[in-house]
2 protein chains.
Amino acid sequence: MIRVVAKSVIKEGEVEAYKTLAAELIQETRKEQGCISYELFQDVQNKDIVAFIETWENQDALDRHIKTAHFEKIVPKMAFLKERQSEINVYRLML
Amino acid sequence: MIRVVAKSVIKEGEVEAYKTLAAELIQETRKEQGCISYELFQDVQNKDIVAFIETWENQDALDRHIKTAHFEKIVPKMAFLKERQSEINVYRLML
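Read on for an overview of the structure. (Residues numbered from 1 in each chain as written. Chains lettered and ligands numbered in written order. Predicted model: local features only at pLDDT ≥ 70, side-chain atom pairs only at ≥ 80, totals over all residues.)

1. Looking at the relation of the copies chain B and chain A
Okay, so step 1: Placing chain B over chain A gives an RMSD of 0.0 Å and needs a rotation angle of 180 degrees, together with 0.0 Å of translation along the axis. Here the symmetry operator amounts to a two-fold rotation axis. The C-alpha atom lying nearest the rotation axis in chain B is that of Val5 of chain B; the distance is 4.3 Å.
Okay, so step 2: Here 100% of the interface residues in chain B have copies in chain A that are interface residues too; the copies meet face to matching face. (Least-squares fit on C-alpha atoms with pLDDT ≥ 70 in both. Contact = placed C-beta atoms within 7 Å.)

2. Quick look at the interface of chain B and chain A
Okay, so step 1: Facing 24 residues of chain B, the contacting portion of chain A comprises 24 residues.
Okay, so step 2: Elements that contribute at least two residues to the side of chain B that touches chain A include exactly strand 1 (2-9), helix 1 (15-29), strand 2 (35-43), strand 3 (49-56) and strand 4 (87-93) of chain B.
Okay, so step 3: Pairing analysis gives three bridges linking strand 4 (residues 87-93) of chain A to strand 2 of chain B, with the strands arranged antiparallel. Paired with Arg92 of chain A across the strands is Gln42 of chain B, a residue of strand 2 of chain B. (Helix = DSSP H or I, 4+ residues; strand = E, 2+ residues; numbered from the N terminus. Pairing = 2+ DSSP bridges.)

3. Side note on the packing of helix 1 (residues 15-29) of chain A against helix 3 (residues 69-79) of chain A
All names here are of chain A.
Okay, so step 1: Closest axis-to-axis distance for the helix 1/helix 3 pair is 10 Å, and the angle between their directions is 165 degrees. Between helix 1 and helix 3, the angle falls in the class roughly antiparallel. The crossing of helix 1 and helix 3 is left-handed. Contacts between helix 1 and helix 3 involve Tyr18, Leu21, Ala22, Glu24, Leu25, Glu28 and Thr29 on the former and, on the latter, His70, Ile74, Lys77 and Met78. (Axes fitted to C-alpha atoms, helices over the stretch in contact; angles between N-to-C directions. Parallel < 35°, antiparallel > 145°, perpendicular 65-115°, else oblique. Left-handed = near helix turned anticlockwise from the far one by under 90°.)

4. Quick notes on the pairing of strand 2 of chain B
Okay, so step 1: For strand 2 of chain B and strand 3 of chain B, the ladder comprises seven bridges, and the chain directions are antiparallel. By the bridge assignment, Cys35 of chain B is partnered in strand 3 of chain B with Trp56 of chain B.

5. A look at the environment of Ile36 of chain B
Residue and element names in this part refer to chain B.
Okay, so step 1: Its place among the elements puts Ile36 in strand 2.
Okay, so step 2: C-beta crowding within 10 Å serves as the criterion here: with 13 such atoms nearby, Ile36 is assigned to the partly exposed category.
Okay, so step 3: Excluding residues within four positions of it along the chain, Ile36 makes contact with Thr55, Trp56 and Glu57. (Buried ≥ 20, exposed ≤ 12 C-beta atoms within 10 Å, placed from the backbone.)

6. Observations regarding the pairing of strand 4 of chain A
Okay, so step 1: Of the pairings in the sheet, the one linking strand 1 (residues 2-9) of chain A to strand 4 of chain A comprises six bridges and is antiparallel in character. What sits directly across from Ile2 of chain A, in strand 4 of chain A, is Arg92 of chain A.

7. A look at the sheet that holds strand 4 of chain A
Hydrogen bonds between backbone groups are what pair the strands of a sheet, and the pairing can be parallel or antiparallel.
Okay, so step 1: The sheet built from eight strands closes into a barrel, its strands ordered 1(A)-3(A)-2(A)-4(B)-1(B)-3(B)-2(B)-4(A) with antiparallel pairing. Within the sheet, the average angular offset between the axes of one strand and its neighbour, ignoring direction, is 30 degrees.
Okay, so step 2: Here helix 1 of chain A sits on the sheet in contact with strand 2 (35-43) and strand 3 (49-56) of chain A, set at roughly 165 degrees to strand 2 of chain A.
Okay, so step 3: The sheet strands contacting helix 1 of chain B are strand 2 and strand 3 of chain B, and the helix crosses strand 2 of chain B at an angle near 165 degrees.

8. Thoughts on the environment of Ser37 of chain A
All names here are of chain A.
Okay, so step 1: Position of Ser37 among the secondary structure elements: in strand 2.
Okay, so step 2: Note: C-alpha distance between Ser37 and Glu57 (20 residues apart in sequence) is 9.6 Å.
Okay, so step 3: Beyond its immediate stretch of four places on either side in the chain, Ser37 contacts Glu54 and Thr55.

This is a description of form; function is not addressed.
Written out as structure tokens, the structure is:
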């Protein structure tokens, strides 16, 4: 099992536009083989900070995800709405 | 539901010591009322990066957690093993 946390800072006033794109990405991604969970969270203190928290069966499933048509179509559009590049960590369960 | 991601960079050579303390913290925390999940992850690329990913019923449960005897006893010991302060985000589910 692989857990991904992809944290982004969204440009001021762009959270709703980001959410619309994220909804489309989430809808398609949850259909993927090997996707256990794929959710978007918003920081309670700063509404411009969001994070995808994702659970994948294995690294192969994650590798396939970033080559899907929906990922390649939607993620670059989302990038325009971010203050800077996302902070992405891929984790394995330790305890 | 509240999701916490607490990411830390551990000093070189101290990951096993950190893991021992974390195991004790986890064992006690999972008994707390309002704790849905409380897990420790390790970055697959950099073994010195770890993250607690926590799910709490609500903010009250999280507020109680940081006042427990086990939190107050163990977390300061863990702090000595970190390169710098943890990066902590408290999130709500958006999508």
